[in-house]
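# Coordinate analysis (summary)
Single-letter residue listing:
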Amino acid sequence: LCEVESMDKMSDGDTIFDINILPNRAHDLLNHQGVAQELSALLDIEYKSPVDMYKIPTSKPTSLEVKIENDKCRRYMGRIVRNVKVGPSPERVVKHLESVGQKSTNIVMFDCGNPTHVFDAKKVGSTIRIKEKKRKKKVSLLGGEEKDLKETDLVITDGEDNVLAIAGVKGGTRAEVDENTADIILEVANFDPVTVRKTGRGMGLFTDAIKRFENDLSPVRAEYA
């Protein structure tokens, strides 16, 4: 399976396992469900999928149009959630993230392996496009960085060609969620691993999303995420 580098017993009785996931298993074991499924097979015990635990409302028609204009985007899914309230995460979420050494990050990614991203729906408008940037341009990223885009970099844009995110790499500030956000777009996608790796290395970026996508993450995971 993989090497267990350490085991730390916590005061609440829980145990944290520090597991070294090798590159040849990064596509399926860099998440809790992947490890659980592997243990289920090795130990011959039942794996209980958490899918039934989630109550997902029926999707309603929306005017948002998604245009995949490059085959380096292998799958793109989204859902609009309206009337949200931006605030601190629930205590259970904070504790969950702290248990895996994180303060603020993508809890879905650690659960099932597929990175997700959130846009402020009002800032996006009516169209999302996944395309190569045909001209050089600077883009402001979350966290304050500014990077130069090449003509071959795969990006997520709105209908007016404003860059919302670098596909599989990092989100931009154009449609960043803030305290005034009321409606959000949840993005769950899958991108060509070679493209993501080249773009990330070219920009000197190494994110959790890049780590997943560059190891050829299965597009099947997007639907669950």
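Source: prediction; values computed, not measured.

### Regarding the overall build of the chain
Within the chain, the secondary structure is distributed over eight helices and 12 strands. The C-alpha atoms of the chain give 18 Å as radius of gyration, which agrees with the globular expectation for 225 residues (17 Å, within 12%). Dimensions along the principal axes, computed over C-alpha positions, put the chain at roughly 50 × 40 × 30 Å. In the chain, buried positions account for 38% of the 225 residues. Partitioning the contacts of the chain with sequence separation of at least 6, the portion at a separation of at least 24 is 68%. Total accessible area on the chain is roughly 13,700 Å²; 50% of this is exposed by carbon and sulfur atoms. Computed over 35 positive and 37 negative side-chain charges, the inter-centroid distance for the chain is 5 Å.

### Considering the sheet that holds strand β11 (residues 170–171)
Taken in spatial order, the five strands of this open sheet run β3-β6-β9-β10-β11, and their pairing is mixed. Two strands lie at the open edges of the sheet, namely β3 (65–68) and β11, each paired on one side alone.

### Some words on the pattern of salt bridges
What the rule picks out here adds up to 19 salt bridges. Among the salt bridges present, the one from K123 reaches D178, with a minimum N-O distance of 2.9 Å. With K123 in helix α5 (residues 121–124) and D178 in the loop between β11 and β12 (184–191), this residue pair connects regions lying 55 residues apart in the sequence. For E132, the salt bridge is made with K134, and the minimal N-O distance between the two is 3.2 Å. Judged by its relative accessible area of 63%, K134 falls in the exposed class. Linked by salt bridges that have partners in common, K131, K133, R135 and D161 make up one network.

### Points about the environment of S40
With respect to the helices and strands, the residue S40 is situated in helix α2 (residues 32–43). Looking at S40, the relative accessible area reads 11%, which means it is buried. Residues in contact with S40, not counting those within four places in the same chain, are I45, E46 and Y47.

Rules and cut-offs
- Residues numbered from 1 in each chain as written.
- Predicted model: local features only at pLDDT ≥ 70, side-chain atom pairs only at ≥ 80, totals over all residues.
- Heavy atoms only, no water.
- Helix = DSSP H or I, 4+ residues; strand = E, 2+ residues; numbered from the N terminus.
- Rg over C-alpha atoms; globule rule 2.2 N^0.38 Å.
- Buried < 20%, exposed > 50% of the residue type's maximum accessible area, 1.4 Å probe, protein only.
- Contact = heavy atoms within 4.5 Å.
- Areas by Shrake-Rupley, 256 points an atom, 1.4 Å probe, with all protein chains shown as cover.
- Lys, Arg positive; Asp, Glu negative; His and termini not counted.
- Charge placed at Lys NZ, Arg CZ, Asp CG, Glu CD.
- Pairing = 2+ DSSP bridges.
- Salt bridge = Lys/Arg side-chain N within 4 Å of Asp/Glu carboxyl O.

Just geometry here; none of it tells us what the structure is for.
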